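Spelled out, the chains give:
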Amino acid sequence: MKKIKNTAGLQTLRQTLLEAQDPEMPVVRVCLGPGCLALGAEKVARAFKSAVRNKKIKARVQPLIKGTGCHGFCSQGTLVSLSPANLFYVRVKPEDVAEIVATSLEQGRTVERLLYSDNGARYRSAAEIPFYRAQQKIILKNVGIIDPLDINDALMAGGYQSLAKVLTEMSPEEVLKTVEVSGLRGRGGGGFPTGYKWRRAADNARENPGPVYVIANGEEGDPGAFMDRSIMEGDPHKVIEGMIIGAYALGANQGYLFVRHEYPLAIHHFSIALRQARNRGLLGKNILGSGFDFDLQINRGAGAYVCGEETAIIASLEGRAGEPRTRPPYPAQEGLWGRPTVINNVETWANVPHIMEKGADWYTGLGVPHSTGTKIFSLVGKVKNTGLVEVPMGISLGALVEGIGGGVPGQTHFKAVQTGGPSGGIIPYELKEIFTDYHYHPEEFIAAKKEISVDFDSMAQTGSIMGGGGMIVMDDHDCVVDVARYFLRFLEEESCGKCLPCRLGLKGMLEFLNRFARGQGSPEDIDALESLGQALVDGSLCGLGRAAPNPVLTSIRFFRDEYLAHIVDHKCPAGVCRDLISYQIDPETCNGCGLCAQECPEACITGKKKKLFTIGQEACIRCGVCQDVCPVQAVQVA
Amino acid sequence: MALSLLLIYGEKSKMREILMKTRPQDLDSILENYPRRPQHLIGVLQDVQAAFNYISPEHLARICDHVGVPVTQAWSVATFYKSFSLEPRGEHSIKVCLGTTCHLKGGERLAEACERDLGIERGQTTADQRFSLDTVKCVGACAEAPVVMVDEDYLGRASISSLKKEFKRR
Amino acid sequence: MNAKKESKKPPKDNLVHFSIDGRRVQAQPDWTILETARAHRLHIPTLCFHPAIHPWGSCRLCVVETRLNDKVEVTASCLTKPVAGLEVLTHSSRVMNVRRWVLEMLLAECPASREIKELAAQYGVTSTRFAILDPEEECLKCGRCVAVCHEVVGVQALTFGSRGVAKKLETPYRVPNNACIGCGCCVSVCPTGALQARLDTVRGDLSRRTGHGFAH
Ligand SMILES: Cc1cc2nc3c(=O)[nH]c(=O)nc-3n(C[C@H](O)[C@H](O)[C@H](O)COP(=O)(O)O)c2cc1C
Ligand code: SF4
Ligand code: FES
Ligand code: FES
Ligand code: FES
C-alpha cells in the first residue's frame, strides 16, 4: 500500500479508486452482524462464496461486514443485499442461496418470496421499508455498506476527507470552536458537552505543558446495547478519523482505543484498520504531510462494567485494577499518567468527522436544541422490529417504539421501556403521552409536543437517562420488580467494591427486593428502599453507585402498585416472580405428549401418554422447563 | 470467531498469522511482545490467559518479574477482572447470555438448566475438564435472545433441548 | 499534618473563605473540607481517613452537603476541596440519611466490631435489617492498611482481592507474604482492630522476607 503524501494525494487516490469501480459489477452483501450470525449468516456467506466460485459468474461476494456489526434490521436476519440491482432479501437461509444466485445474479430477476413483506406490501429495497424509512443514518451510513477490512472502501465512501480538510484549512482553535458550536454531547451516557470537555483539556495543557492523550471508550458494558460495537466493527475508520481530528485540536500525539474483550471482532477490525491507516500515511508521523504526528494503540478491557467509567479506564490503562477514583480532578485536568486526557465514547468520536465536513450549523439543525444530532439506539426486548436504529434526537418515544419498532407483537401497547441500561430507568407507557415541561425547550417546541421526547434532558426528567442508547421494551409479561432485581444483581456483581454505599448498599437493596419477590415485606419497606436508594445516590463515589438505584427508584415511582401487589396480595401480576406463581397444565390444550414429564428435573409431572399430564405442586421448583418444552403451549402460569 | 470467518473467505494464511500472534506456544514469546513496564500487566495477563486458558502461579510470578510489579498488585488485578482465571478452564466454554433481553426471554432458566445438565454451577468446570459454564452480559445478538455462546459459535433462540444436543455434539 | 501546613503560611488573601454549618471558616489553599473542619474543631465522622495516607474515600461517612448558588451536592469531605463562598452542611437530612444507612450496613458487615457499634449508636442506629454473613468479622475494607503498607512503608504485602461484595483483604494466593517486613503499621492504623486478629495471615517468614527496609 502506498503512503499518501498530502491531501492532494488523498483526492487523487480516491478518484483513481472510484474510477476503477465497475458500476455493473454485482455485489452481494451478507450481514455478518451478531444477530445474523446467531441465525447462521456464516453458512449463508459460505454458500454464496462457493456458489459463485462454482458457477464462475462475475460476482464478488462482498460481505458487508466481515464478521459482525450490523445492518440494523436484526429481527429479519440473515440479511442479504444485492447491488447494483438494489435488492434486499431477508431471512435468507443457506438453502436459498442457490436460488438467489441463479435468479438474481444470473438472470437479473427478483426472488419474491425472500423480500420483506409487512401488511401485504412487499419491499424490494431496504430504503422503502418503514423500519429504515423513518431513520436518518449518518453515523451508521457506511455500516453495512463498506468492507471494514479494506481502507479503500472507506476512502471511496469519503473517509478521511474531513481530516484532510481540518489539516489544511482549519486551526486547532477552529476545530475546538466548531465542536463547541455544534452542541455535540457525549454519547456514552452522561451527555456531557464535548466541546466544553475538550476546551478544558486544551486549557489545562496550555497552562501545564506536556503530553495530552485522547481515549475512545469502547467498553459498552450496558447489557442489551450494541451500538458502539456495530460502529467499531462496521466502520472503524470513522472512529479513527474522529480521534485524529480531536488529537489535532488538543495537540495530542498518542491515543488509545479501549475496547471490551467480549468484542474480539471489533478489536480485530480496529487492528487491521490501524495498520492500513498507518501504511497509507493517515496515522503516525507527519500525517498527510501536515507535520502533525499522532498514533493509536488498542487496549482490551479485561471484563468489568465499571471500566466504562473514565477514571477506571485510566486505572486499567495504567495496569491497575479498574477502581474509579473521585472526580475532580477530572481526566481533562489530571488523566492518564496525570496528564490532561479526553475520553469520549466511540459514537461521540464518530460524530466528529461529520461535524467537520458539514459544519456546526448543519449539525445543530439535526435534533432539538440542547440535544443536537442523531443518536443510535438498540431497540430490543418485546418489540416487533428489533435492531439498531439511528434517529434524530427529540423523536417521541412512541414514534421510536411503536413506529419504527412496530410495537409489541400481539399486544396493543408496550408496558414500559427501560432506557440507559443499569444506570437508567423504566419509563411507563403512559409517559409516552404525558408531556414534560422541560424548561430548556423553547415554548413553542413544548406546545407542539404531546409525547416524551427522546433527548438527554427530557429523559432525565423522568428519572431515567438516555444512557448509551439501549432501549429494552417490556410487555405485560415482564415484571418490574424482577427487572429492577435483575439490574441490581448485575450491578452488585460489577461494583468495584471500593466504596461502602455501593458495595454494601447494592447488596442491601437486593435483599429488600428479594423479599418482595417472595411476597414478603411491608409497604414501609418500599419507603425504606427508596431512602436507601437515595443514600446510594448521595453517598457513592462513582457514577456506578450514584446511578445504580435508578431502575429501582423509577420502577417504584411509576409502578408502586405492582410492588404492592407482590407485598400485600402476594401476587406477581406479570407472572414472573417464582415464589408467587404456579405452573398448571391446561387440560384442554394438553395433547399428552409427555415431553414435560421427561424434562422435569424434579420428576413431579405425572400422567399417561396420550392422556392428560398434571404437575405436582409440592415438589415443583417452578423452573419453567415444562413451559419451555411444551409444543402446544399447554403449560400456563397461574 | 474472527478466525472462523477468515476461514469462510479462504484466507488461511491470514488465519495462521493471527493464530500465531494470539496463541504463542510459550510464555517467553508472549513476554517478548511487551516492554518491561507496569502498564503492560493487563495486556500480558490477557495473552497468557488466551494461550493457556488460565494463569498459573509460576506464570504470574514471571509476568510480575517482567513488567516489574509486586505479585500483590498482579493478584488484585487478576482477581478483579472477570476475564482472568487462576484455575484451569474446560476445553469448551459455554456462555449463557444474561443480558437484559436474554433475561426477559428466559436466559436465567437456560442457565439453570445448564447447571443441572452439566452438574456444575456457573463459573465452574466439569470434573472431566470438558466444559466450563459461565454467564455473560449481552453478546450483542439481543434480537435472537436467548443466546448461548458455545466456544466461538452463537446459538440464537436457544432452548434447553437445543443446548443438550449441542453438548452431546462437542 | 496541620503543623506542616501552618509552617507554609501563604499570604492571607490566599485563604479560601467559606462556611461550615453557618460558621465562617478559612482554609489553606490545598486543604479539604474535612481538614478545614478539623482545624476549626468542627466534628465530621470518618472511618477510612487517616492523616498518614492519601484520602481514599471508601467509607463515605464523612459526606457533607455543599451548596453553591443553585448547585446542591453531597460529597465526601475528606476528598473535596472547598471553593470560596461554599456553604457546607455537616448534618443535613440527606447527609444523615447516608450516614445512618452506611452505619446500619456496617453493623451487618462487621458485627464483631465494638468501634462500629459505638459509632452507630451515636447516630441512633442500634440494629440492622441486613443479613449478617460472618458474625466474627471486624474488617470494613476501609483500605487504610493497604494504603499505609504501600504509601508509607513502601511494601505491598497485602491488597484487596476480587471485587464488589466478594472483595477481600488478602495476600496473593491467600498465603502469608514474605514481602511483609513485620512493621505492624497496618495494625496501628486499623480502625477496628481487625488486622490484629489476622496479622498472621499476612506476615510470612520474616527471615526469608523479600521486601525492602528494616523497619522493625
Ligand atoms: C459505571 C459506568 C459505566 C460506564 N460505561 C460506559 C460505557 O460502557 N461506554 C461509554 O462510552 N461510557 C460509559 N460510561 C461513561 C464514561 O464514564 C464517560 O462519561 C464517557 O465515556 C465519556 O464520553 P462521552 O462524553 O463521549 O459520553 C460509564 C460511566 C459509568 C459511571
Ligand atoms: S483490616 Fe482494618 S485497616 Fe485494613 S481494610 Fe480492614 S478495617 Fe481497614
Ligand atoms: S446482525 Fe444482521 S442486521 Fe443486525
Ligand atoms: S442480552 Fe443476550 S445477546 Fe444481548
Ligand atoms: S473518611 Fe471520607 S470517605 Fe471515609
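Remember, it's a predicted structure, so these values are computed and weren't measured experimentally.

What to know about the pattern of salt bridges
Residues and elements named next belong to chain C. Counted according to the given criterion, the structure contains 45 salt bridges over all chains. In this structure, the salt-bridge partner of Glu104 is Arg129, at a minimum N-O distance of 2.9 Å. Pair noted here: Glu104 is in helix H3 (residues 93–109) and Arg129 is in the loop between helix H4 (114–122) and helix H5 (144–153), with a separation of 25 residues, a long-range link. The partner of Glu115 in a salt bridge is Arg114, and the shortest N-O contact between them spans 3.9 Å. Given a relative accessible area of 32%, Glu115 falls into the partly exposed group. Looking at Arg114, the relative accessible area reads 54%, which means it is exposed.

Here we look at the domain arrangement of chain A
All names here are of chain A. One can read the domain layout of chain A as domain 1 (23–133), domain 2 (151–364), domain 3 (373–567) and domain 4 (582–637). Buried area between domain 1 and domain 3, summed over both chains or domains, comes out near 590 Å², and the portion from carbon and sulfur atoms is 53%. Considering only the side of domain 1, the residues that lose the most area to domain 3 are Gly72, Ser75 and Phe131, jointly responsible for 62% of the buried surface there. Remark: the boundary between domain 1 and domain 3 carries one salt bridge. Salt-bridge contacts for Lys384 lead to Asp118; the nearest nitrogen and oxygen are separated by 3.4 Å. Its residues placed into classes, the side of domain 1 that touches domain 3 shows five nonpolar, two polar and one charged.

A short note on the interface of chain C and chain A
Contact residues are listed per partner, giving 26 residues for chain C and 32 residues for chain A. Summing both partners gives a buried area of about 2,500 Å² for chain C against chain A, and 56% of it is carried by carbon and sulfur. The interface formed by chain C and chain A contains four salt bridges. A salt bridge links Glu494(A) to Arg163(C); the nearest nitrogen and oxygen atoms lie 3.0 Å apart. Counting the contacts that link chain C with chain A gives 16 residue pairs in polar contact (both at pLDDT 80 or more). By residue class, the composition of the side of chain C that touches chain A is 15 nonpolar, four polar and seven charged.

Some remarks on the sheet that holds strand E1 (residues 92–97) of chain B
All names here are of chain B. Pairing is mixed in the open sheet, where four strands are placed in the order E2-E1-E3-E4. Two strands close off the open sheet at either side, each with one partner strand: strand E2 (131–136) and strand E4 (153–155). Strand after strand, the sheet turns through a mean of 20° between neighbouring axes, direction not considered. Pairing between E1 and E2: six bridges, direction parallel. Each bridged residue has a counterpart across the sheet, and for Lys95 the counterpart in E2 is Asp134.

Conventions and cut-offs
- Residues numbered from 1 in each chain as written.
- Chains lettered and ligands numbered in written order.
- Predicted model: local features only at pLDDT ≥ 70, side-chain atom pairs only at ≥ 80, totals over all residues.
- Heavy atoms only, no water.
- Salt bridge = Lys/Arg side-chain N within 4 Å of Asp/Glu carboxyl O.
- Helix = DSSP H or I, 4+ residues; strand = E, 2+ residues; numbered from the N terminus.
- Buried < 20%, exposed > 50% of the residue type's maximum accessible area, 1.4 Å probe, protein only.
- Domains from an automatic or database assignment.
- Buried area = accessible area lost by both parts, 1.4 Å probe.
- Nonpolar A, V, L, I, M, F, W, Y, C, P; charged D, E, K, R; others polar.
- Contact = heavy atoms within 4.5 Å.
- Polar contact = N/O pair within 3.5 Å; in protein donor to acceptor, adjacent residues only side chain to side chain.
- Pairing = 2+ DSSP bridges.
- Axes fitted to C-alpha atoms, helices over the stretch in contact; angles between N-to-C directions.

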